[in-house]
Amino acid sequence: MGSVVDWLRTSTPGLLVLCGIAIAVLLVVIIKVKLEPFIALLIVGLGLAVAAGLPVSQIVGTAIKSGDSILETGFGGILGHIAVIIGLGTVLGAILERSGGAQALTAKLLGVFGDRGAPVAMGLLGLIFGIPVFFDIGIFVLAPLVYVAARQGGKSLVLYALPMLAGLSMTHAFLPPHPGPVALGGLLEVNLGWLILMGFICGIPGFIAAGLVWGSYIGKRIIVEVPEDFVNDADDNGPHTSGGTAVETKRPVITTPPSVATIGAIIAVPLVLILGATFGTILLDEGNLLQVLTFFGTPAVALLIAVLIAFYVLGIRRGSTVQELSTLTGESLRPVGMLLLVVGAGAFFGKVISATGIGTALADTMSAAGLPIIVLAYIISCALRIAQGSATVAIVTTGGIVGPLVAAQDYSQMSVALIAMAIAAGSIILSHVNDGGFWIIAKFFNLTVKQTLQTWTVLETVLSVVSFAVAGVLFAIVS
């Protein structure tokens, strides 16, 4: 018995077996036991640390001192990086949503593209509005606008819905300030400016292939009518029904929508500031200008500036009180708590992977097999996504496994950002019945299970594969 334990804890095959068992247990407790991923990751991480023979003082510290323990540094390190960014990003998305910006953007895009180009307009709507707004909120806000476009165009709802969903999914998977990319920034220690740049470069081809090409193809073959009971009145702030299920939709509280230029400028502010700091670091020597760019381009500062501008331009100047804006802020932040806990637990799991030597064992095995790290990252992320359905769990678990491998190599920031894109791409592949988003889309867009598999599931897979292919080619060029 002792020799088996020693083999598991000290040999490369044994450590890989331990890792495989840990991931299998994680999937079982999430899928079968239905345990919250935060609790599941914490339990499995602690169990793996003990099974691998790490000292208790290293895992949880001592009664006198615990600050240097894997448990606290795993949680604290990642949350210190992402909590402010995700919180500010959530608030920015909330004020943009409530302002009526989506309606203004829709009217402008439909005016530019006309009836024939309405599906493209819906795709751009999802792409632009999806940058600051979380995926599910984006669906709640934009679905009624897609209904209107489909009713006016007289064609299948699928033709208009899929491009919009591709835009929302692409931004949610690949671009900060969404939780997945921000978490990867912390787990892989990569600058968010590089994630933004690589997110657009890898995600846009996937969006075109999945939303515009696939959406146009399948939208002409699967005919779905607009739900008869959808809300026609754009001023209705009440619940609407979709596919027979009542859904409470947060409608804009400001009656006159802001201009498209205003919405676009507010969305662009944090992106431009963050990219300015990133490229300033590359192009400029040390000096006052670089310090200014670095300060204002720090993601937390850039997002704070955007939030303050939005509060004034979309709130105070349009009649909202500070109290109303504070209420909106509190409401928007409520769902964020569990998300942060899941990311923190995933980072702890990654710390265990590193401390036990499993990361080194994986690196050795990967090197012997000739498997590029970006392919390994994508495969692991895909497997976790398909098995348990949650993109967030797939991202933080894969980031925890791959993080030590990345840290052990001298990769450039661009290369690490491309590895992050591979993980993000894997986390959205093959959305099916174990994914909550699958059912939201089925209900909102009047689809049967079969139709959702034929449309949405394929869309996510195309988006994943194409975006990963772009990331893989670029990685091979720059590494």
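These numbers were taken from a predicted model, which means no experiment stands behind them.

Caption draft 1: Structural context of the pattern of salt bridges. On inspection of all chains with the given rule, the structure shows four salt bridges. One salt bridge connects E331 with R98, and the closest N-O pair in it is separated by 3.4 Å. Placement of E331 in helix α15 (residues 322-333) and of R98 in helix α5 (residues 70-98) is noted, with a sequence separation of 233 residues between them. The class of E331 is partly exposed, set by a relative accessible area of 30%. Take R98: its relative accessible area is 14%, and that puts it in the buried class. Salt bridges here are not isolated pairs; linked through shared partners, they connect E97, R98 and E331.

Caption draft 2: Structural detail: a positive patch on the surface. Together, R116, K155, K220 and R221 give the surface a local cluster of positive charge. Mapped onto the elements, R116 comes out in the loop between α6 (101-113) and α7 (118-129).

Caption draft 3: Spatial organisation of the confidence of the model for the protein. With 92% of its residues at a pLDDT of at least 70, the protein reaches an overall mean of 87. Every residue in residues 231-254 is under pLDDT 50, and counting partners more than four places away or in other chains gives 53 contacts.

Caption draft 4: Region of the structure containing the side chain of R385. Along the chain, R385 turns up in helix α18 (residues 373-388). In this structure R385 comes out as buried when scored by relative accessible area, which is 4%. Apart from residues lying up to four places away in sequence, R385 is in contact with S390, A391, A394, G426, S427, I428, I429, S431, N434, D435 and E460.

Caption draft 5: Looking closely at unusual backbone geometry. With an omega dihedral of 10 degrees, the bond running from P176 to P177 counts as a cis peptide bond. Even without being a glycine, K34 presents a positive backbone phi close to 65 degrees. Along the polypeptide, K34 turns up in the loop between α2 (12-31) and α3 (37-51). Positioned with a positive phi, L430 is a non-glycine residue whose angle comes to about 50 degrees. Residue position: L430 is located in the loop between α20 (413-426) and α21 (436-444).

Caption draft 6: Geometry of the packing of aromatic side chains. Taken as a whole, this structure holds ten aromatic pairs when the rule is applied. Ring centres 5.1 Å apart and planes at 85 degrees place the aromatic pair F295 and F296 in the edge-to-face group. Of the residues examined, F295 reaches a relative accessible area of 49% and is grouped as partly exposed. The partly exposed category is assigned to F296, whose relative accessible area is 36%.

Reading the values: rules and limits
- Residues numbered from 1 in each chain as written.
- Predicted model: local features only at pLDDT ≥ 70, side-chain atom pairs only at ≥ 80, totals over all residues.
- Heavy atoms only, no water.
- Salt bridge = Lys/Arg side-chain N within 4 Å of Asp/Glu carboxyl O.
- Helix = DSSP H or I, 4+ residues; strand = E, 2+ residues; numbered from the N terminus.
- Buried < 20%, exposed > 50% of the residue type's maximum accessible area, 1.4 Å probe, protein only.
- Patch = residues over 30% accessible without salt bridge, like charges linked within 9 Å, V, L, I, M, F, W, Y side chains within 5 Å.
- Areas by Shrake-Rupley, 256 points an atom, 1.4 Å probe, with all protein chains shown as cover.
- Lys, Arg positive; Asp, Glu negative; His and termini not counted.
- Charge placed at Lys NZ, Arg CZ, Asp CG, Glu CD.
- pLDDT = per-residue confidence, 0-100.
- Contact = heavy atoms within 4.5 Å.
- Phe/Tyr/Trp six-rings, centres within 6.5 Å; stacked < 30°, edge-to-face > 60°.

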